[in-house]
Structures are given as structure tokens and as C-alpha cells.
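# Reading the structure
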Amino acid sequence: MPPSHAAADTTIDTGPGTGTDAPRRSLVRLGTSAMSWLQAAPLALVLGLFLIFPILTIVVVSFWDYSEFALIPDFIFDNYADLLTSRVTWSIFASTLGYAIAAWILTLGIGFTVAYFLAFHVRSLTWQIVLFLVCTIPFWTSNVIRMISWIPVLGRNGLVNTGLMRLGLIDQPLEFLLFSDFAVILAFVHLYTLFMVVPIFNSMMRIDRSLLEAAADQGASAWRTLWAVIVPLSRPGIVIGSIFVVTLVMGDFITVRLMSGGQGASVGVMMSNEISLLQYPAAAADAVVLLLVVLVMVFGMLRAVDIRREL
Amino acid sequence: MSTVTDTTGAGSPAAPSATDSGPSRRGLIKGAAALAGVAAGSGALGGFPTIWAQNIKTVTLRQFGTGVSNLNAVAEKVKEDLGFTLQLTALDSDAVAQRAVTQPQSYDIADIEYWICKKVFPAGVMQPMDVARITNYDKIVPLFTTGKLTPDSTIAQGTAPHTVGFVDSETSTTFADAPTGWMTLIPTIYNADTLGIRPDLTKAVSSWADLLDPAYKGKASILNIPSIGIMDAAMVAEAMGEVTYADKGNMTQDEIDQTIALMIKAKRDGQFRAFWKSFDESVNLMASGEVVIQSMWSPAVAAVRAKGIPCKYQPLKEGYRAWGGGIGLAKHLTGLERDAAYEYINWYLSGWVGAYLLRQGYYSACPSTAKLFMSDDEWGYWMQGEAAEADILSPDGTVMEQAGARRDGGSFEERMGAVACWNSVMDENRYMIRKWNEFIAA
């Protein structure tokens with residue numbers, strides 16, 4: 001166990017409740033305990049103000065009633081009843097999950113490959129850093145710009161269609177390229193693959209190279225080394241990257257709206273529609289349900305790997 | 001990712017443009033929206049001692065509304081002509097409606113659409129205007145007073161402006177059936193909307209029903225703003241003979257169900273290429289050729305044409321869907337500020353603004369005063385549907401139409417006389433929005 005955790009455990013053990021010691025030591029321990037509280041206070045304050053409080057507000061508002069132009073403080077379950085009994089909600093959650101799963105599989109595949117190449121095939125640290133920075137170049141522009149740039153590429157008269165038609169490969173423009181689920185998932189992969197690359201690369205760099213030599217000495221093939229050594233040891237990175245990608249996709253609305261031409265549905269789109277129509281309580285109820293779903297997914301992933309132990 | 005939200009929504013805040021906002025709704029919204037924050041906080045106005053504020057030039061009036069009529073050029077001209085300061089805030093129409101009711105202290109002048117007025121005025125946050133103090137009252141187009149453009153025209157469905165244009169007394173919040181001495185809103189800007197088409201990529205389009213013509217499969221679009229989109233959908237459904245409505249502006253649940261069912265079927269059949277929500281989206285869809293027929297706004301058509309791409313604001317045999325806005329006074333306005341507001345309103349109707357709006361393709365409440373600020377050629381092109389003798393310029397001087405062009409749909413009387421329905425808010429609004437979301441999610 002890393003020293004930091006040991007220290008944390010000790011602090012908990014030495015709380016004021018552990019009675020029978022000498023008074024002087026307990027005073028010291030009280031001091032230590034107060035110190036810990038003080039040290040934790042700034043972060044607790046920030047999280048309390050900017051995370052816990054807003055979420056609590058959303059939970060409270062989700063039970064309010066609303067009219068066309070006003071929020072009415074109340075305690076009703078109508079928002080949840082409307083939400084959970086509507087067929088539309090379920091289909092929207094299903095399509096959001098579909099996007100998340102597709103984006104997750106693709107970003108994982110691509111992200112793992114890129115990280116593997118950077119970590120094990122690029123030998124010099126300088127080049128690793130250079131190539132890693134190259135990966136981040138797209139992030140120098142806003143993600144809306146990156147998304148919108150796809151439109152002239154994929155459109156009916158866009159680069160891809162024009163190119164393919166000039167080459168004589170197709171007679172009619174491929175309509176599915178833009179304003180479709182294909183376009184949405186493509187944009188997700190484009191936007192979020194780096195979130196997979198970074199943590200996986202980080203995990204891979206911590207793998208002791210002698211383990212790979214040992215595997216080779218034992219006669220393992222490259223594939224077997226990959227599967228039996230590298231993948232298990234990269235798991236923390238994979239899980240962290242997956243949490244990033246899944247939570248980003250589950251909460252997204254702008255990618256879905258732009259790339260599906262407003263025809264696709266995700267929970268985020270549903271919420272943004274409701275907010276623009278001033279139905280804040282309904283949107284808050286959506287947000288609470290989405291938060292629960294995403295939390296369940298994240299806990300599921302964390303159960304697969306104990307990140308704290310492996311970091 | 002809230003930054004993402006902000007950079008694309010229709011009413012998104014952005015930096016105010018230093019140059020003239022130009023004719024596009026997009027530019028206007030971008031330019032004026034940044035003032036939102038400025039106006040939001042300052043509730044100090046009413047608190048100044050009147051002695052201190054004797055000079056009207058120290059008055060600041062805070063106006064908020066939709067981007068379409070919150071023009072920086074107007075604020076500059078107010079400063080020049082009247083001497084006091086007009087602070088503008090532009091929001092999207094949903095936010096406008098909410099703010100008008102929930103933060104009545106945050107504005108002095110509300111620039112709202114008539115259908116918003118129907119909801120906002122009864123909330124008691126505004127005060128009616130004494131028509132005796134409005135010098136050009138008798139020059140206001142009768143569309144806004146009696147509802148009839150000409151004595152024999154029929155009144156369109158929906159929230160027709162005259163139905164929410166008057167109240168009985170200074171303190172009343174219920175709308176009067178006929179014109180009284182107390183007006184809720186002074187009309188500022190209005191227009192008749194129809195479908196935009198690419199004439200080079202469509203055959204003859206003459207009916208709203210053509211939006212769902214299988215010939216345009218995968219090449220049609222409709223706007224995804226429920227309160228307006230449902231109206232366009234209803235125009236289509238009625239034109240196809242699929243649904244009959246008692247009042248398209250106030251549908252029953254059954255009528256909503258039938259309309260949405262028709263739209264969902266069309267969507268599943270792949271009729272729509274995309275749905276648009278903001279002005280620039282509609283321009284890009286049309287200009288790129290992704291869409292050849294769609295719901296559109298007049299300046300968007302002009303923006304497509306400005307790129308050298310043919311685009312037509314096609315008049316249709318069933319008529320137009322019209323909308324209109326006006327300015328009204330906040331309840332808390334008194335004394336000098338109210339005097340300044342009346343002065344502003346009288347100035348607004350005196351012609352300069354009217355000419356400015358007409359040059360953007362909208363209509364003015366007092367065309368006869370606007371005429372004084374326009375050339376005969378401009379008047380002929382915009383109001384009378386005549387061929388332009390010289391190039392038609394936008395207010396910022398760019399060429400909008402070449403000499404010889406005629407306005408789509410013709411003259412003022414032809415266009416505003418053929419309104420089938422006004423933008424409105426339905427009694428079943430909440431139900432309609434739920435069904436509309438089903439359509440979008442289908």
C-alpha cells in the first residue's frame with residue numbers, strides 16, 4: 001500500500017473516539033485530527049459549493065411543479081412519473097447508451113493501439129513526447145469547430161462524396177455520411193479518442209520492461225505478451241479512459257444535435273429542449289436519472305478494477 | 001461542457017460586433033446578446049432622485065427582446081436623435097418570455113412577440129400605453145388595431161396581434177375585444193413566413209404540401225422550435241388534406257396527435273435531411289445543397305442569395321405564417337423615464353426605424369412614415385412588389401438584390417393580406433411540446 005493511504009488510515013484510527021490512552025497523547029491526537037480537518041476543508045468547501053450544492057439544487061428542483069413561465073416550489077413526483085412512463089424516454093436512453101457503447105468500443109480500440117505504439121514502438125523519449133503532442137493538436141481548437149469541420153467533408157457535395165464520385169466508385173452521393181448515427185459516432189470517436197490514449201499511455205509507461213523480456217524469455221508470442229501482460233497491467237488506464245469517454249458521451253447533446261442534423265436523440269438533447277422551453281423541473285428530473293445511470297456505469301467499471309490500488 | 005452549449009445556441013452570448021450588425025438575424029443575435037449581462041444587474045434606475053435626473057439625457061432605458069429587432073444601429077440613432085441611452089439585450093424568444101415575467105425590474109421596455117404578450121401581459125408586469133400620447137397612432141397599420149389589413153380581409157388564425165393589442169384601462173390586465181385608449185404593445189416589426197426553396201433544384205413549388213413531396217425525400221427540413229415548427233407542420237398537414245383544424249393556432253390534443261403522427265411517418269420514411277434550430281443552420285443547409293426545401297426566415301433567404309446561390313422565398317397558395325413583435329412599457333416605469341419611453345416610441349414610429357426594418361425585408365408598423373426615409377425605388381421594391389430599378393442595398397450598404405429583381409411574394413398587401421395563421425401559444429402547449437419531442441426523438 002502506498003504511504004499516503006497508510007497515513008490516511010492512521011488519521012482515521014486516531015480519532016477522538018479511541019478513549020483509554022493517556023490524556024497528553026490524546027491532546028496531540030486531537031490536534032492531528034483538527035489539522036486533518038483543516039487540511040481537508042478547502043477542497044471540501046470547493047466541492048461542497050460547486051458540486052454538492054448544485055446537484056442538491058437540481059434534485060430539489062426536480063420535484064417542483066412548473067407552468068409556462070414560472071417554477072413553482074412543490075413536492076410532486078409528476079416529473080419522474082412523466083419521464084419514466086414515457087416510451088420516448090426509454091428509446092432516448094437506449095439510443096444514448098447505443099452511442100456510448102459504440103463510441104467506447106471504437107475509442108478503446110483506436111486509443112489502445114495508439115498508446116501501444118507510442119509506449120512500446122517509439123523508443124526515444126523525445127519522440128514519444130513529440131508524437132504525444134501531435135495527438136493533442138486537434139485539441140487546440142474548440143470541439144465545436146472540430147465537429148463542424150466534418151460537415152463540408154461528409155456532406156452530399158462534400159469532399160468524400162465528390163472524391164468517390166470522381167474516382168467512379170459511386171454514382172450517387174452516400175447520404176448516410178452526414179446527419180446520421182454514423183456521423184454522430186464518427187464525431188465522438190474523433191473528439192474523445194485522446195481521452196483514451198492519455199491514461200492508457202500513462203499506464204503502459206509504468207509497466208516494467210523486464211516483464212516483457214521475461215515473457216519473451218518464457219517463449220510467449222507477441223500476442224500472448226500483449227494479452228497476458230500488457231492488457232492486464234494497462235487496466236487502470238483503460239478504466240479511467242472508459243470513464244471519461246462514457247460519461248462525456250452520455251452527457252453530450254451538441255455533437256448529437258449537430259452531427260445528426262437535429263434528427264438524433266440523446267438524453268442531453270432532450271434536456272436542452274426542455275431547458276429552452278423553460279421546463280427546468282422536467283430537465284432536472286432527467287438530469288437526476290441520467291446521473292444515477294452514469295454513476296451505476298462508473299461504479300460498475302470501478303468494480304472491475306481497483307484504481308486506487310493500481311495507480 | 002457548458003462552453004459548447006453557449007457557442008451554438010440560437011440566443012447564445014457572443015462578443016458585441018463593433019461594426020454595423022447588418023441584415024442577418026445571426027449577426028444581430030450575436031452582436032446584441034452580449035449586452036445581456038450589462039442590463040441584467042442594474043436595477044438602480046428607478047431609485048435616482050428626480051431632481052438629479054431632470055435632464056432627459058441622463059436617462060438610460062433598458063430594452064430587451066429577441067435579436068431580430070434589438071439593433072445596435074437603433075440604439076446609436078436614439079442617442080443621436082433623442083439624446084438618451086438605450087441599452088439593448090437580445091435573448092431567444094423562450095428566454096424573453098420567461099424574463100419578462102420573472103424579472104420585471106430588469107427592463108424598462110420589453111420588445112416581445114404578440115404571442116409572448118398573450119402570456120406576459122396578464123401577469124401584471126407591464127403597463128399599457130395611452131394612445132393619446134402616441135402621435136402616429138392613426139398611421140399604424142390596421143392589422144394591429146382591427147385585425148383587418150383592408151376592411152374586407154378575413155382575420156387569420158392564431159394569436160392575431162389585435163386580439164392582444166389593447167386592454168380596457170390603465171390598470172387592466174385583460175385584453176379588450178376592440179381598440180381602446182390603452183395599447184399593450186406598439187407594433188415594431190412583423191413579417192410573413194413561408195417555405196424557402198432552391199429554385200434550381202426543385203420543380204414548381206406552390207403548396208405547403210410540397211414539403212412532404214416524395215420527390216424531395218432526404219432533402220427537406222423543418223425548424224425545430226416547437227411553437228413555430230408545429231405551425232409549419234399544421235400548414236403542411238392541412239394542405240395535404242390529412243388533418244382539418246378548427247384553429248391551427250390553438251389545436252386540440254387530437255389535432256396535435258394527428259399532425260405529429262403525420263410528421264413522424266415522414267421522418268421514418270426519410271423525408272427530412274435535418275432539422276434546424278438557429279438561423280445559420282438553415283442558411284448552411286440550403287447553401288450546401290443538403291436541403292432544397294425547408295421552413296425558412298426571410299433574412300436567411302437573403303443570406304443564401306448573398307452567397308450567389310439561388311434561393312426563393314416561395315409564396316404558397318395556402319398563405320403565410322405571420323409573426324409580429326412590439327415594444328411595451330414595464331410596470332415600474334414612471335415620471336421622467338416613462339416620458340423618455342414615450343418619446344422613444346414616438347420616434348420609433350416616426351419613420352427612420354421603419355425604413356431600416358423595411359430594408360432588411362421586414363415590415364414597419366407605420367409604412368407611411370417609413371416611406372419618407374426611403375427612395376421611391378426602395379419603396380417600390382420592398383412595399384409594392386415592383387422590379388428594382390437600381391441595386392437594392394441592405395442598411396449597411398451591401399447589395400442585396402440586383403436591379404430588375406422583384407420581391408418574392410410581391411407587394412405588402414399581397415403578402416400580409418395572405419396570412420393564414422399567426423404565431424401563437426396554444427392552450428395545449430405543454431402537451432404539444434411533449435408530442436413534438438416525440439417527433440424529434442422518433
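Taking an unreviewed UniProt entry as the reference, chain B is identified by name as Extracellular solute-binding protein belonging to Roseospira marina.

We now examine the overall build of chain A. What chain A contains, in helices and strands, is 16 helices and two strands. Counting only residues that meet the buried cut, chain A has 30% of its 311 residues in that class. Within chain A, contacts between residues separated by at least 24 positions form 69% of all contacts whose residues are at least 6 apart in sequence.

The interface is formed by 24 residues belonging to chain A together with 28 residues belonging to chain B. Those elements giving two or more residues to the side of chain A that touches chain B turn out to be α4 (87–121), α6 (143–148) and α14 (267–276) of chain A.

All names here are of chain B. Read across the open sheet, the three strands follow the order β5-β8-β7; overall the sheet is antiparallel. Single-partner strands in this sheet number two, and they are β5 (129–130) and β7 (166–167). Across two bridges, the pairing between β7 and strand β8 (residues 182–183) is antiparallel. Bridged to Val167 within β8 is Trp182.

For the rest of this paragraph, the subject is helix α10 (residues 298–306) of chain B. Counting buried positions along α10 of chain B gives eight out of nine residues, so the element sits mostly inside the fold. In the stretch just after α10 of chain B, Gly308 of chain B is the one whose phi turns positive, near 80°.

With that settled, consider the nonpolar core. Formed by 196 residues in total, the largest nonpolar core has its most connected members in Phe188 of chain A together with Val120 and Val419 of chain B. No other element matches helix α9 (residues 181–205) of chain A, which puts 14 residues into this core.

For the rest of this paragraph, the subject is the domain arrangement of chain B. Residues and elements named next belong to chain B. Domains assigned within chain B are domain 1 (2–184 + 322–349) and domain 2 (193–319 + 418–441). Between domain 1 and domain 2, the residue contacts involve 16 residues of the former and 19 residues of the latter. It is helix α6 (residues 114–120) that provides the largest number of residues to the side of domain 1 that touches domain 2, a total of three residues. Here the side of domain 1 that touches domain 2 is composed, by residue class, of seven nonpolar, four polar and five charged.

Moving on, we get to the environment of Tyr99 of chain A. All names here are of chain A. Turning to its location among the elements, Tyr99 is positioned in helix α4. Overall, Tyr99 belongs to the buried group, with 23 C-beta atoms counted inside 10 Å. Taking C-alpha positions, Tyr99 is 9.2 Å from Val256, a pair spaced 157 residues apart along the chain. Ignoring anything within four residues of it in the chain, the contact list for Tyr99 reads Val184, Ile185, Phe188, Val249 and Ser266.

Our focus in this paragraph is the packing of α14 of chain A against helix α15 (residues 280–304) of chain A. Residue and element names in this part refer to chain A. Remark: α14 packs on α15, axes separated minimally by 8 Å, with the N-to-C direction vectors making an angle of 160°. Compared by their axis directions, α14 and α15 come out roughly antiparallel. Judged by the sense of rotation from one axis to the other, the crossing of α14 with α15 is left-handed. Only Tyr280, Ala282, Ala283, Asp286, Ala287 and Leu290 of α15 make contact with α14, whose side of the interface consists of Val267, Met270, Met271, Glu274 and Ile275.

Residues and elements named next belong to chain B. Within strand β3 (residues 109–113), five of the five residues are buried, leaving the element largely enclosed by the surrounding structure. Side chains Ile109, Asp111 and Glu113 of β3 all project onto a buried face; the interleaved residues Ala110 and Ile112 project onto the opposite face, where all are buried too. As paired elements, strand β1 (residues 60–66) and β3 share three bridges and run parallel to each other. The residue bridging Gly65 from the neighbouring strand is Asp111, located in β3. In the sheet, β3 pairs with strand β14 (residues 320–330) via five bridges, with the strands oriented antiparallel. Note that in β14 the partner of Asp111 across the bridge is Ile327.

Reading the values: rules and limits
Residues numbered from 1 in each chain as written. Chains lettered and ligands numbered in written order. Predicted model: local features only at pLDDT ≥ 70, side-chain atom pairs only at ≥ 80, totals over all residues. Helix = DSSP H or I, 4+ residues; strand = E, 2+ residues; numbered from the N terminus. Buried ≥ 20, exposed ≤ 12 C-beta atoms within 10 Å, placed from the backbone. Contact = placed C-beta atoms within 7 Å. Pairing = 2+ DSSP bridges. Core = buried A, V, L, I, M, F, W, Y, C linked by C-beta atoms within 7 Å. Domains from an automatic or database assignment. Nonpolar A, V, L, I, M, F, W, Y, C, P; charged D, E, K, R; others polar. Axes fitted to C-alpha atoms, helices over the stretch in contact; angles between N-to-C directions. Parallel < 35°, antiparallel > 145°, perpendicular 65-115°, else oblique. Left-handed = near helix turned anticlockwise from the far one by under 90°.

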